[in-house]
Amino acid sequence: MPLNDERPSSTSSGEDQSSDVESSSERCDSVTSKSDLECSRESFTSDSSSKHGTPSSSPPKTLTFEEVMDSTRDLINLRLSHEIVVNRSFRLEPNHVPQNSLWKAVRDNLHKAFWDILEAELNEDPPEYGQAVKLLEEIREILLSFLNPGANRMRTQIMEVLDMDLIRQQADNDAVDIKGLASYIITTMGKLCAPERDGEIKKLRESTESTDNIVTLYKEIFCVLDLMRADMVNYTIEAVRPVLLQYGVEYERAKFQSILEKMPNALNCTTSWIKSALEELHSALVSTEQTSDQGKGQPVVLGPFKVLNVAFVHILTWDYSKSSLPETWMSDETQLRDIQWQLQRCQAVNEVLLIVYSTIGGPIQGLTALSGRLKRMTSVLLDGMHRPDFNLVDALEGVSTQICCELNTSLTERNYPALTPALQATLTGQICSISQKENPVRTLVEDRVKQYFTMLICDLKPQSKLDQVPAGLTAIKPELVLIGTKFISLVNYNRAVYGPFYADILRKLMFDSSSPALSRPQETAPDCATHS
């Protein structure tokens, strides 16, 4: 938004840099990669890393209040910069307060008390201006905050017209022109606002001429000022985004390092997360050795990149009710939850369709329109299945009823017999059974979805593999491609930012003398294309 007398022709800045800015996924694709076979112990135990590439931590200590506040500010800045980089549509929404929330109730009561006091003071005879002076002073500070450093003429004008010492003297003599000051404030707002606020400014001018209620007028002024402040923040976000895209990885890594230096336990959950993946791979290798004599006696190292890839897959199915996300993923929690919810619904839709087509068979094969209707219908009825109060069994019974009706209509239109009551009961029972975790259809779909995301995470160029969905998942291919794109983008950016921290954790877990991976005969893990 413009911040002085002239409106800029463009609402973005840093355009000369935009051509040089890479997206996070492109930047991650350019990172040098190695296969697990090339990852020797020396690469993880050497101290040859650069100062900025290797995280460091301090021994535990008692934090002062100032250190806690500094860490909090660092964390807020880290999460804000991360959101600006990964969410291209991120904007500040003014007055975004949940309805029926305690926050909204407290805010509304405080605002009502303020305006009630102002109205009561102005209605006194003679009027009191104590609350009005505070109001004008706050408006002056808001207007000044919109100005560029070089807008000296307008700054001087605002300071002269809204001279608080003079206004206080006028208040003592009952000579304050509250309505005249409102007209000046509205005119100044019109010079400073973004073009899309012209309509609101016009309404304010009309209110100045048509109403004698000063309190209502100033309420409307403050509403528009709130919108202008949001515009100011969003303009700043757009201006800083190209810079963050270019230097975001280094900035976030430095901020997290700063937090780690103040709070050495800031990687506890991350360490547990990676250790869990390591133990899973270790158990799989032990199980393989017990059932096969192949490779006995040959030294094997669990590849660190393979461990990290397994850990990334765990993030996709994270159980938020049992444990907190790793600290390095906290900034992405909202997006990860959304991805997980979308994936759960897609899997359920696919399971239902697999059951329908395997039960009914030939009469409905190859009917694209019917398949689309069944998919949309099921998806709508399962919307919100991630909520704790969602009754999945009841929802699946409703899905079964609607599907049977749709199938009977389609079959009779094409001169096929309608579904018998026994077949409908069988179909309903099979569909409702996917609410059980051990259901074979559910297990099959979940395993193949995991296989799909594992393939994407392990590949150097996952964009080229997005369309290669495993057999049995064709019905949800468009949704899987979209979800896969979002998730891989988050993984790549996370890996680029926190790679040095992960390397440090893996070094300690895998190459420490007490590591389970070294307390047994080892063999080379299967190749998996990865990148650091």
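Here, the structure is the one placed above.
A. Layout of the overall build of the protein chain. Looking only at helices and strands, one finds 19 helices and two strands in the protein chain. Residues counted as buried form 42% of the 532 residues belonging to the protein chain. Expressed as a percentage of contacts within the protein chain between residues at least 6 apart in sequence, the contacts between residues at least 24 apart total 76%. Element-wise, carbon and sulfur atoms account for 53% of the exposed surface of the protein chain, whose accessible area totals about 28000 Å².

B. Representation of helix H10 (residues 198–210) within the structure. Compared with an ideal rise of 1.5 Å per residue, which puts 13 residues at 18 Å, H10 spans 18 Å between its outermost C-alpha atoms and is within 8% of the ideal. Every buried residue belonging to H10 is among Ile201, Leu204, Ser207 and Thr208, and all of these are buried. What you see down the axis of H10 is that its buried residues fit within an arc of 115°, all on one side. Residues Lys202, Lys203, Glu209 and Ser210 are exposed on H10 and point more than 90 degrees away from its buried face. Looking at the packing, one finds that the buried side of H10 touches helix H9 (178–192) and helix H11 (214–262).

C. Spatial organisation of the packing of aromatic side chains. Here the structure, examined in full by the defined rule, presents twelve aromatic pairs. Note on Trp115 and Phe222: the rings are 6.0 Å apart at their centroids and 75° apart in plane angle, and the pair reads as edge-to-face. With a gap of 107 residues between them, Trp115 in helix H5 (residues 102–122) and Phe222 in helix H11 connect regions that are remote in the sequence. Both residues of the pair, Trp115 and Phe222, count as buried. Aromatic side chains Phe312 and Tyr502 sit 6.2 Å apart centroid to centroid with 70° between the ring planes, which places their arrangement in the edge-to-face category. Taken together, the residues span a long stretch of sequence, with Phe312 in helix H13 (residues 304–316) and Tyr502 in helix H19 (residues 477–511) at a distance of 190 residues. Note on accessibility: Phe312 and Tyr502 belong to one class, buried. Above the ring of Tyr320, the side-chain terminus of Arg337 is found at 4.0 Å from the ring centroid.

D. Summary view of the nonpolar core. Residues Trp273, Ile274, Trp329, Phe453 and Phe487 are the most contacted members of the largest nonpolar core, which totals 62 residues. Counting residues per element, this core draws most heavily on H19, which supplies 18 residues. Apart from residues no more than four positions distant in its own chain, Ile274 is found in contact with Val307, Leu308, Tyr502, Ile505, Leu506 and Leu509. Grouped together as the second largest cluster of nonpolar side chains are 43 residues, Ile139, Leu144, Leu192 and Ile214 included.

How each quantity is defined
Residues numbered from 1 in each chain as written. Predicted model: local features only at pLDDT ≥ 70, side-chain atom pairs only at ≥ 80, totals over all residues. Heavy atoms only, no water. Helix = DSSP H or I, 4+ residues; strand = E, 2+ residues; numbered from the N terminus. Buried < 20%, exposed > 50% of the residue type's maximum accessible area, 1.4 Å probe, protein only. Contact = heavy atoms within 4.5 Å. Areas by Shrake-Rupley, 256 points an atom, 1.4 Å probe, with all protein chains shown as cover. Expected span 1.5 Å × (residues − 1). Arc of directions from axis to C-beta. Phe/Tyr/Trp six-rings, centres within 6.5 Å; stacked < 30°, edge-to-face > 60°. Lys NZ or Arg CZ within 6 Å of the ring centre and 35° of its normal. Core = buried A, V, L, I, M, F, W, Y, C linked by side-chain atoms within 4.5 Å.

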